[in-house]
Amino acid sequence: MIPVRADIVIGVIDVGSPKSGKLGWAIMVPNTPPVLGKDLDTFIDTMSMLGADWPLAIGFEAPLFIPLQQEALKILSARKGEGSRPWSAGAGAAVTTAALAVMTYTLAGLRKGLTRATATTDVNALPERPGDTFFFEAFVTATSKGESHADDALIAAREMHALMTSGRTFRSVIDEPEVFSLLGASLLRTNWTSNLAVLSTPCLVVKLGFDHHG
């Protein structure tokens, strides 16, 4: 058993184009109804403000790392656990590219308001101090999608909340030990860390319906 963590604000962005209205987000504050929206700057401002009093967990609904394969014919293959929705094909490739821009913009904005905060992707070291942030990937598939991009973000936020408050250890739906982390690159670029190890560290991937405790 691990400690129940119900004291973390959770924010998730369903990655898409802010200009065309294909981006949505959800924020869950303990003991408060969730807030949903579309404006990316509002998400950044709200999470920065909440970070003054709460530790944070922030997820992006997009592939945040790619596997490093040992065979040329497999370099664009799906990640283990990804199923029939590989990161490199069709919508997966598009959202992976969009995530680089959306994620880096978001992290840069958050850093301006949370100048002393630390970042982690370690599920065994969830943040305890206000502003310190746990970053993760959300994976919302067609069978579990909501009616809007913000609904998809809320689905992922609720799953993350369920894991953190279960009092049990949990694991990622994606099992790739050797990776190149896009999240790590963004964390380095926006001065959340200077540790180059983040480039080769996979983050937690949360998916509704997967047995994260198995």
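Below or above, wherever it landed, is the structure these notes cover. (Residues numbered from 1 in each chain as written. Predicted model: local features only at pLDDT ≥ 70, side-chain atom pairs only at ≥ 80, totals over all residues. Heavy atoms only, no water.)

Notes on the environment of Asn31
We count it as follows: By definition, any uninterrupted DSSP run of H or I lasting at least four residues is a helix, any uninterrupted run of E lasting at least two residues is a strand, and each is numbered from the N terminus. Exposure categories follow from relative accessible area, calculated using a 1.4 Å probe and restricted to protein chains: below 20% of the type maximum is buried, above 50% is exposed, and the middle band is partly exposed.
Mapped onto the secondary structure, Asn31 falls in the loop between β2 (24-28) and β3 (35-37). Classification of Asn31 as exposed rests on a relative accessible area of 86%. Along the primary structure Asn31 and Leu76 are separated by 45 residues, whereas in three dimensions their C-alpha atoms are 43 Å apart.

Overview of the pairing of strand β4 (residues 56-61)
Put simply, the rule is: We call two strands paired when DSSP finds no fewer than two bridges between them.
In terms of burial, β4 is largely enclosed, as 6 of its 6 residues are buried. Of the two faces of β4, the one carrying Leu56, Ile58 and Phe60 and the one carrying Ala57, Gly59 and Glu61 are both buried. Pairing analysis gives 6 bridges linking strand β1 (residues 9-14) to β4, with the strands arranged parallel. Considered in β4, the bridge of Asp14 is made with Glu61. Bridge analysis of β4 against strand β7 (residues 133-139) gives 5 bridges, and the strand direction is parallel. Counterpart to Phe60 in the pairing with β7 is Glu137.

With respect to the environment of Ala108
Take Ala108: it is sitting in helix α2 (residues 91-113). In this structure the C-alpha to C-alpha distance between Ala108 and Ser186, which are 78 residues apart in sequence, comes to 8.6 Å.

So, the side chain of Asp14
As a reminder, the rule being used: The term polar contact refers here to a pair of N or O atoms within 3.5 Å; inside protein, the definition further demands a hydrogen-donor-capable atom paired with an acceptor-capable atom, and it admits residues adjacent in sequence only when both atoms are side-chain atoms. The contact definition used throughout considers only heavy atoms, calling two residues in contact when any of these lie within 4.5 Å.
Its location among the elements puts Asp14 in strand β1. One polar contact links Asp14 to His149, side chain to side chain, over a distance of 2.7 Å. What Asp14 contacts, discounting residues up to four positions off in sequence, is Lys22, Leu23, Gly24, Glu61, His149, Asp152 and Ala153.

A short note on the packing of helix α1 (residues 40-50) against α2
Under the convention used in this document: In this analysis an axis means a line fitted to C-alpha atoms, helices contributing only their contacting stretch, and an angle means the value between N-to-C directions, from 0 to 180 degrees. Crossing handedness is read from the near helix: turned anticlockwise from the far helix by less than a right angle, it gives a left-handed crossing, and turned clockwise, a right-handed one. Residue polarity is assigned by list, with Asp, Glu, Lys and Arg as charged and Ala, Val, Leu, Ile, Met, Phe, Trp, Tyr, Cys and Pro as nonpolar; anything else, Gly included, falls into the polar class.
Packing of α1 against α2 leaves a shortest axis separation of 9 Å and a crossing angle of 35 degrees. As for how α1 packs across α2, the hand of that crossing is right-handed. On α2, the residues touching Leu40, Asp41, Phe43, Ile44, Met47 and Ser48 of α1 are Val102, Tyr105, Thr106, Gly109, Leu110 and Gly113. Partitioned by chemical class, the residues of the contact of α1 with α2 number 7 nonpolar, 4 polar and 1 charged.

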